[in-house]
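Commentary on secondary and tertiary structure
What follows is each chain in one-letter form.
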Amino acid sequence: MSQSLPAGRVLVEVFHALASMQSGELVECDAPVPARLRLEELAATLPSLFGAADLAPLERVLGRFGSEGGESLREVLLVSGEHVHVMKPLSRRRGVALIAMSTAKNSIGLVLSAVHQRAAELEGG
Amino acid sequence: MEPARVLGIPSERGLAAWTLCLLGAIDELPSGATGALRFGEGGVVLVESRRICWAQAKSMRLRLTDILCNQANPPIARDAIEDVVRGCRTTGHPLGESLVASGLVSETGLRSALREHTTHAVAHLARERATADAFSPHTQRGYDPRYAFTTCEILATVCGADDPPRSATAERELAGVLVTESTGAAFVRGALGSGAMLVAADPACDVPVDELVAAGNWATGLLDVAAAFEPEVRVVRVAWCSRTALVTWRKYGVDYVALCSSSAAAARLVSELGKRQHQHGTPPPESLTRRIRSP
């Protein structure tokens, strides 16, 4: 699924998909082919990041900086020379993450806003 | 190939793990504990609130005076330093303050010399696999916090000793990038141990060193996965809750980790690192150019 968000005069195109954090496969995606291929590759990293990885070290160390017990990994943002990628586990769909990509690397805030809005829609919030 | 032995710090496989174990004993002391952690006949580490103020190993020959003398070019006259030491013994004034007041060394130079001395001592104790067997509490505090070191700083100096220019570059990178409400460290994969090796740490990073190393290993793995997916990945931000986040980036083979206590700090870091990706022509660290030039 793609989304064009007007923000003043700026248009930010963000492609979304839902993917399994265990298998790394897309669950839902209606993005056009070039974006879909990239989202498939992004989804393939999910098991390494969320499925198999022991998050305890991160939880322990960030607990010293104010995070409370019972919290978990909320979102991964990956910025490269050409793209912005976001991976966001959905709290109401266990084992499923919303993943997104955009070429708007200079508008990270707008990309995140679009992803958060989409996540809220999916979570029914 | 074994890494080069630099600065007299014993460089050998397993040293990082032994040092980590030794420093863990300091991190396990009660918060605010001040006193002497004794390692049998091997030596002693003076601690205040989990910061290392002084360390001495019996097997160590290097003295602080030697380091101070050789720090400047031309070297500082040994007599001049020993005069200050004698004066402090008579007056009871703190040695560090007196050395800086004498103009023989700068505050930065003194801190650097003390860190080198402490690192040598800890490395010697670690090589001997010394274990802490007693803690003698001191009733008075008073170590100058400017000249006390976190366990993270000391492990970073031990592990970074095989490539001091790389560590210096990493320290500069951290100092240049970290913002308010963040602290951080730098890691490499090296020959001194398995996993990510801590080679630089923000002096304000006072988390237990084993937790920092574990987080560094996690972040290094994350960067590996990210780089496999996107070779041009510049920065990764991991939001843990509404406030805390880890930001990590890779530059010239060194992996950096910033721990943020606010989402604003993480956003500033991502923004800053995003801007820097457009900067071209940044020279690689001296150690890297040295390797490139080497046959």
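Scroll up to find the structure.
One structure accompanies this document, and this report is about it. (Residues numbered from 1 in each chain as written. Chains lettered and ligands numbered in written order. Predicted model: local features only at pLDDT ≥ 70, side-chain atom pairs only at ≥ 80, totals over all residues.)

Residues and elements named next belong to chain B. Orientation of helix α1 (residues 15–27) relative to helix α5 (residues 107–127), taken along the N-to-C sense of each, is 105°, at an axis distance of 8 Å. Considered as vectors, α1 and α5 are oriented roughly perpendicular to each other. Seen from α1, the contacting residues are L15, W18, T19 and L22; seen from α5, they are V122, A123, L125, A126 and R127. Of the residues contributing to the contact of α1 with α5, the split by class is seven nonpolar, one polar and one charged. (Axes fitted to C-alpha atoms, helices over the stretch in contact; angles between N-to-C directions. Helix = DSSP H or I, 4+ residues; strand = E, 2+ residues; numbered from the N terminus. Parallel < 35°, antiparallel > 145°, perpendicular 65-115°, else oblique. Contact = placed C-beta atoms within 7 Å. Nonpolar A, V, L, I, M, F, W, Y, C, P; charged D, E, K, R; others polar.)

Across a regular strand the side chains alternate sides, sitting on one face of the sheet and then on the other. All names here are of chain B. In terms of burial, strand β9 (residues 254–260) is a largely internal element, seven of the seven residues being buried. What you see with β9 is no split at all: V254, Y256, A258 and C260 on one side and D255, V257 and L259 on the other are buried throughout. Of the pairings in the sheet, the one linking strand β5 (residues 182–189) to β9 comprises six bridges and is antiparallel in character. Bridge pairing in β9 places A185 opposite V257. In the sheet, strand β8 (residues 245–251) pairs with β9 via seven bridges, with the strands oriented antiparallel. Along β9, the bridge assignment pairs L246 with L259. Here β8 folds back onto β9 in antiparallel fashion, the turn holding two residues, of which Y252 has a positive phi close to 50°. (Buried ≥ 20, exposed ≤ 12 C-beta atoms within 10 Å, placed from the backbone. Pairing = 2+ DSSP bridges.)

Moving on to the sheet that holds strand β4 (residues 134–137) of chain B. For sheets, the rule is that strands pair by backbone hydrogen bonds, running either parallel or antiparallel. Residue and element names in this part refer to chain B. With respect to topology, four strands assemble into an open sheet ordered β3-β2-β1-β4, the strand pairing being antiparallel. The open sheet is flanked by β3 (51–57) and β4, the only strands paired with a single partner. Taken pair by pair, the neighbouring strands of this sheet meet at an average axis angle of 20°, ignoring direction.

Moving on, we come to unusual backbone geometry. All names here are of chain B. At R129, a residue that is not glycine, the phi angle is positive and equals roughly 55°. Looking at where R129 falls in the secondary structure, it is placed in the loop between α5 and β4. Given 12 C-beta atoms within 10 Å, R129 falls into the exposed group. Although it is not a glycine, Y252 adopts a positive phi angle of roughly 50°. With respect to the helices, strands and loops of the structure, Y252 is situated in the loop between β8 and β9.

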